[in-house]
Amino acid sequence: MQPVRPAVAAATGAYLANCALGISVALRLVDTSRVRWVHHGMYVATSALTVGATAVCVVRRHPAALPLALATVPLFLLQAHGSRPLRRHARDAVLAAPAYAAAAALTRIRS
């Protein structure tokens, strides 16, 4: 079984789940004030899965390695900039979306 597609899917899924939670909190649909660690834990999982998927793609010489590597830049900015102001935090998070979309598309084409 080709490990590239599941690795990219896991990283992309973690990113999407984390974004969904962040949007829900920003819109006050969900209150995580007592469990802020959940969003932080999801961020760590997303980052780890992204780095892992990038490594798998590099080893397999799969073209999805480049967009995944580029996704680590906004992930780093999220950590470096923090969550305030919210507008900057949201911008940093959205900057990763095209990279995940490209990586997912490349796994559909090539795998």
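Details of the structure are given in the entry above.
The structure contained in this document is the topic of the report that follows. (Residues numbered from 1 in each chain as written. Predicted model: local features only at pLDDT ≥ 70, side-chain atom pairs only at ≥ 80, totals over all residues. Heavy atoms only, no water.)

**Section: helix α2 (residues 37-59)**
For α2, built from 23 residues, the straight-helix expectation of 33 Å at 1.5 Å per residue is met to within 8% by its first-to-last C-alpha distance of 33 Å. Residues T46, S47, T50, A53, T54 and C57 constitute the buried set of α2. Positive backbone phi, approximately 55°, marks R61, located one or two places after α2. (Helix = DSSP H or I, 4+ residues; strand = E, 2+ residues; numbered from the N terminus. Expected span 1.5 Å × (residues − 1). Buried < 20%, exposed > 50% of the residue type's maximum accessible area, 1.4 Å probe, protein only.)

**Examining the nonpolar core**
Core analysis: the biggest nonpolar cluster contains 18 residues, and V8, A53, C57, A64, L68, Y100 and A103 have the highest contact counts within it. Broken down by secondary-structure element, the contributors of at least two residues to this core are α1 (4-26), α2, α3 (65-81) and α5 (97-110). (Core = buried A, V, L, I, M, F, W, Y, C linked by side-chain atoms within 4.5 Å.)

**Focus on the packing of aromatic side chains**
One pass over the full model with this rule turns up one aromatic pair. Centre to centre, the rings of Y15 and Y100 are 4.4 Å apart; their planes meet at 20°, and the pair counts as stacked. In this pair, Y15 sits in helix α1 while Y100 sits in helix α5, placing the two residues 85 residues apart along the sequence. Take Y15 and Y100: they sit in the same class, and that class is buried. (Phe/Tyr/Trp six-rings, centres within 6.5 Å; stacked < 30°, edge-to-face > 60°.)

**A short note on the environment of L77**
Along the polypeptide, L77 turns up in helix α3. Sequence spacing of L77 and L95 is 18 residues, and the spatial spacing of their C-alpha atoms is 9.8 Å.

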